[in-house]
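What follows is each chain in one-letter form.
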Amino acid sequence: EVEVTPGDLERRAPSDLQDVFAGVTAVTIGNAIAPVQKLYLHGIEDSQLSLTVDGVRQPHGTFHHAGNVLIDPGMLKAVEIRPGVAAADDGPQAAAGTIKFETKDARDLLRPGETYGGFGGLRWDSNGNTFRETLGLYFQADGFEALAYGTNIDGGDYEDGAGNEIDGTGAELYNILGKAAWTGLTSGYRLEVSGEHVHDDGDRQIR
């Protein structure tokens, strides 16, 4: 079993799956374009793995030219990787193992005593003239907590080392994540709901 810890993610500040799994020799990421990145565990494609985000199984083959892990790594808290024969409670389609992604909650972003907060960011990449804007808002009070997060990425095709423009690499993607939870102050029971929407309008090559 291998784990990508919160400390690992904080140091790497990942922008895609390649950054998330940097240094994890068991995992290989194919393709440099985030929406179509394929994940391999010990050389076996992610269609043979059980992939979950916050405990929810992810469908395989959402689109035959897209990856099966459409997730914004900016809000990842940790990743658990279990290669090999999966346990019975890992569910179906886990022939080669399981990978469990966990996203951050409001309580992970707030210091003790704080009830609300937020952040925003702007990033520019010169190759492709790509802009990335992020915004997050969150609060917690009396056992309730909520979080809203969004990312927008817009840019042109990037160039390779020889200066050739690579068709189908331009970014035109946005992502919205919402989470809400309630934790019993005396019982300790926790109820959590979350939803994420990823939309990619970029042109992609067939192969």
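Placed above this text is the structure.
Residues numbered from 1 in each chain as written. Predicted model: local features only at pLDDT ≥ 70, side-chain atom pairs only at ≥ 80, totals over all residues. Heavy atoms only, no water.

Novice: Help me out: how do you make sense of the overall build of the protein in this one?
Specialist: Scanning the protein for helices and strands turns up three helices and 13 strands. Taking 2.2 N^0.38 as the reference for a compact globule, 207 residues should give roughly 17 Å; the C-alpha atoms of the protein span a radius of gyration of 18 Å, in line with that estimate. Within the span of the protein, comprising 207 residues, buried residues form 35% of the whole. In the protein, of all internal contacts separated by at least 6 residues, the share reaching a separation of at least 24 is 52%. Entry remark: accessible area of the protein is about 11600 Å², with carbon and sulfur atoms responsible for 53%. Charged side chains of the protein number 16 positive and 33 negative; the gap between the two group centres comes to 6 Å. (Helix = DSSP H or I, 4+ residues; strand = E, 2+ residues; numbered from the N terminus. Rg over C-alpha atoms; globule rule 2.2 N^0.38 Å. Buried < 20%, exposed > 50% of the residue type's maximum accessible area, 1.4 Å probe, protein only. Contact = heavy atoms within 4.5 Å. Areas by Shrake-Rupley, 256 points an atom, 1.4 Å probe, with all protein chains shown as cover. Lys, Arg positive; Asp, Glu negative; His and termini not counted. Charge placed at Lys NZ, Arg CZ, Asp CG, Glu CD.)

Novice: Even after reading the chapter, I still don't get a nonpolar patch on the surface, so can you show me in this structure?
Specialist: Together, Leu122, Trp124 and Phe131 make up a nonpolar patch on the protein surface, roughly 350 Å² of accessible area in all. Inspection of the secondary structure assignment puts Trp124 in strand β9 (residues 116-125). (Patch = residues over 30% accessible without salt bridge, like charges linked within 9 Å, V, L, I, M, F, W, Y side chains within 5 Å. Salt bridge = Lys/Arg side-chain N within 4 Å of Asp/Glu carboxyl O.)

Novice: How should I be thinking about the sheet that holds strand β3 (residues 38-41) in this particular structure?
Specialist: Two orientations exist for strands paired in a sheet by backbone hydrogen bonds: parallel and antiparallel. Strand order in the open sheet formed by three strands is β2-β3-β4, and the pairing between neighbours is antiparallel. This sheet does not close on itself; its edge strands, each paired only once, are β2 (27-30) and β4 (44-45). Two strands pair when backbone bridges link them, and β3 and β4 are joined in this way by two bridges, in the antiparallel orientation. Bridge pairing links Leu41 to Ile44 in β4. (Pairing = 2+ DSSP bridges.)

Novice: Can you walk me through the nonpolar core in this structure?
Specialist: Nonpolar side chains tend to gather and get buried jointly when the protein is soluble and globular. Grouped together as the largest cluster of nonpolar side chains are 22 residues, with contacts concentrated most on Phe21, Val27, Leu39, Val79, Ile81, Ile99 and Phe101. Among the secondary structure elements, those contributing two or more residues to this core are α2 (17-20), β2, β3, β5 (50-53), β7 (76-83) and β8 (97-103). If you tally residues by element for this core, the top one is β7, at three residues. Ignoring any residue separated from it by four or fewer positions in sequence, one finds Phe21 in contact with Val4, Arg12, Val27, Ile29, Leu39, Val79, Ile81, Ile99 and Phe101. (Core = buried A, V, L, I, M, F, W, Y, C linked by side-chain atoms within 4.5 Å.)

Geometric values such as these leave the question of function open.
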